[in-house]
Amino acid sequence: MVMSRRSAVVAAAVLSALACSAAIEDRLIDPFPLGLPLVEAGSLEVDGRLAGQPRARDGIVYLATSDGRVTALVPSARSLLWRFNSGHPLSSGPEIGPDHIVVHDDAGVLHVLDHRGAIILERRIEERVTTTVREEQGRVFFGTADGMAVALDIGEGGTRAWAHRGPGAGAAMAAGPVFADGLVVFGRSDGVIKAFDRSGRSVWERQADGACRVDPVYDRGRLYFGTEGRRFYCLRASTGKQVWSRRLQGAPAQPAVVVGRRIVVAASNSVVYVLAGRGGSILAWE
């Protein structure tokens, strides 16, 4: 997506508002009760074209631009907090972990920053990474084109903690990693969903109806995800046991949003579905 400097800031502000929205009332179609029309409260120019998805946490918006820079903004003060230059082009945005900010550039270099923008770790990843790179409990996790799940130790200079390919691998890891009930969950391009414990041991796997290319979402012991086979699933995160599944008329375009007891799914057929969290029935669509 290519945006002007101002539109990049407006997009980041909207995302921040969505992330902080309060619990909704008992309505069906509109899960985000924004007051419309939206009115611009201010702007801050950011040079470059937006790369990937901006992230917001604790009143700070983090965004990347295609020229290789990561910028931290404070929207309430209309000010720039810090800026980091990776030295290589970026196609994806930063990922905000519990303790660090993770950036994976187009040259295959992993950058781990603290929340002041200082470099904690830089390491080239030799494998072709095909998922998002995310941090959890002092490690970064990612999946590769040959179906391998990998964990690196940040405190050990990025040394490999474990790597697991598993039986029947060969299809690319295409979704995840998602952290759920102490497990690390990935989705593969052949429709296999795999969960590993923190030591790299395979805990469970399930075959879904089509490639899983959009990240699952974890909420209160359950995983929600859809496939290119246009089926949407709910699994128990700890065991992989299916709770329910529902056929839709489109594949998920983005990770689902859990709003109370409802699951909101934006699908490739330009329809937003609202599903019941308990049994997956379609409550509404727009």
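Keep in mind that this is a model prediction, so the values were computed, not measured. (Residues numbered from 1 in each chain as written. Predicted model: local features only at pLDDT ≥ 70, side-chain atom pairs only at ≥ 80, totals over all residues. Heavy atoms only, no water.)

A.B. asks: Is there a simple way to explain the overall build of the protein in this structure?
C.D. replies: Scanning the protein from N- to C-terminus turns up one helix and 24 strands. Relative to its 286 residues, the protein shows a buried fraction of 47%. Within the protein, contacts between residues separated by at least 24 positions form 37% of all contacts whose residues are at least 6 apart in sequence. Of the accessible surface of the protein, which amounts to about 13400 Å², a share of 49% is contributed by carbon and sulfur atoms. (Helix = DSSP H or I, 4+ residues; strand = E, 2+ residues; numbered from the N terminus. Buried < 20%, exposed > 50% of the residue type's maximum accessible area, 1.4 Å probe, protein only. Contact = heavy atoms within 4.5 Å. Areas by Shrake-Rupley, 256 points an atom, 1.4 Å probe, with all protein chains shown as cover.)

A.B. asks: Explain the environment of Leu283 here, please?
C.D. replies: Locating Leu283 in the fold gives a position in strand S24 (residues 282-285). When the C-alpha positions of Leu283 and Ile263 are compared, they lie 9.7 Å apart, and in sequence the two are 20 residues distant.

A.B. asks: Quick question: what am I supposed to make of the pairing of strand S13 (residues 173-180) here?
C.D. replies: Within a regular strand, side chains alternate between the sheet's two faces. Judged by how many residues are buried, S13 sits mostly within the fold: eight of eight residues are covered. Here S13 pairs with strand S14 (residues 183-188) via five bridges, running antiparallel. Bridged to Ala180 within S14 is Leu183. Linkage of S13 to S14, two consecutive antiparallel strands, is achieved through a turn of two residues, within which Asp181 is found at a positive phi near 55°. (Pairing = 2+ DSSP bridges.)

A.B. asks: Looking at this structure, how should I read the sheet that holds strand S19 (residues 231-236)?
C.D. replies: Read across the open sheet, the four strands follow the order S17-S18-S19-S20; overall the sheet is antiparallel. Either end of the sheet is taken by a strand with one partner, and the two such strands are strand S17 (217-219) and strand S20 (242-247). Strand-to-strand twist across the sheet, computed as the mean angle between neighbouring axes with direction ignored, equals 15°. Here five bridges tie S19 to S20, and the two strands are oriented antiparallel to one another. Of the residues in S20, the one forming a bridge with Cys234 is Trp244. (Axes fitted to C-alpha atoms, helices over the stretch in contact; angles between N-to-C directions.)

A.B. asks: What exactly am I supposed to notice about unusual backbone geometry here?
C.D. replies: The general pattern is negative phi for most residues beyond glycine and trans for most peptide bonds. Along the chain, Gly176 connects to Pro177 via a cis peptide bond; the corresponding omega equals -5°. Within the secondary structure, Pro177 is located in strand S13. Of note in this structure, Gln137 is not a glycine but carries a positive phi near 50°. For Asp181, which is not glycine, the phi torsion reads 55° and is therefore positive. Mapped onto the elements of the fold, Asp181 is located in the loop between S13 and S14. Residue class for Asp181 comes out partly exposed when judged on its relative accessible area of 41%.

A.B. asks: What should I look at first to understand the packing of aromatic side chains in this one?
C.D. replies: Geometry of an aromatic ring pair is reported as the spacing of the ring centres plus the angle between the planes. For the coordinates displayed, the defined rule picks out eight aromatic pairs. Taking the centre distance of 5.7 Å and the plane angle of 35° together, the rings of Trp162 and Phe196 count as tilted. Linking Trp162 in strand S12 (residues 159-164) with Phe196 in strand S15 (residues 192-196), this pair joins segments that are 34 residues apart in sequence. Looking at Phe196, the relative accessible area reads 0%, which means it is buried. For the pair Phe186 and Phe196, a centre-to-centre distance of 6.2 Å together with 75° between the ring planes defines the contact as edge-to-face. Here Phe186 is found in strand S14, whereas its partner Phe196 is found in strand S15, with 10 residues between them in sequence. Here the aromatic residues Phe141, Trp162, Phe179, Phe186 and Phe196 are joined through ring pairs into a cluster of three or more. (Phe/Tyr/Trp six-rings, centres within 6.5 Å; stacked < 30°, edge-to-face > 60°.)

A.B. asks: What should I look at first to understand the nonpolar core in this one?
C.D. replies: Considering soluble globular proteins, one finds that nonpolar side chains tend to be buried as a cluster. Counting residues in hydrophobic clusters, the biggest one holds 15 residues, and the most contacted among them are Ile193, Trp204, Leu223 and Phe225. Those elements that provide at least two residues to this core are S13, S14, S15, strand S18 (222-226) and S19. The greatest single-element share of this core, amounting to three residues, is contributed by S13. Beyond its immediate stretch of four places on either side in the chain, Trp204 contacts Leu183, Ile193, Lys194, Ala195, Leu223, Leu235, Arg236, Ala237, Ser238, Thr239 and Gly240. (Core = buried A, V, L, I, M, F, W, Y, C linked by side-chain atoms within 4.5 Å.)

A.B. asks: Explanation requested: the pattern of salt bridges in the structure shown.
C.D. replies: Two side chains with opposite charge may pair up if their charged atoms get near one another. What the rule picks out here adds up to 15 salt bridges. A salt bridge links Arg160 to Glu127; its shortest N-O distance comes to 2.2 Å. Taken together, the residues Arg160 in strand S12 and Glu127 in the loop between strand S8 (119-124) and strand S9 (134-136) connect sequence positions 33 residues apart. For Arg160, a relative accessible area of 38% gives the class partly exposed. (Salt bridge = Lys/Arg side-chain N within 4 Å of Asp/Glu carboxyl O.)

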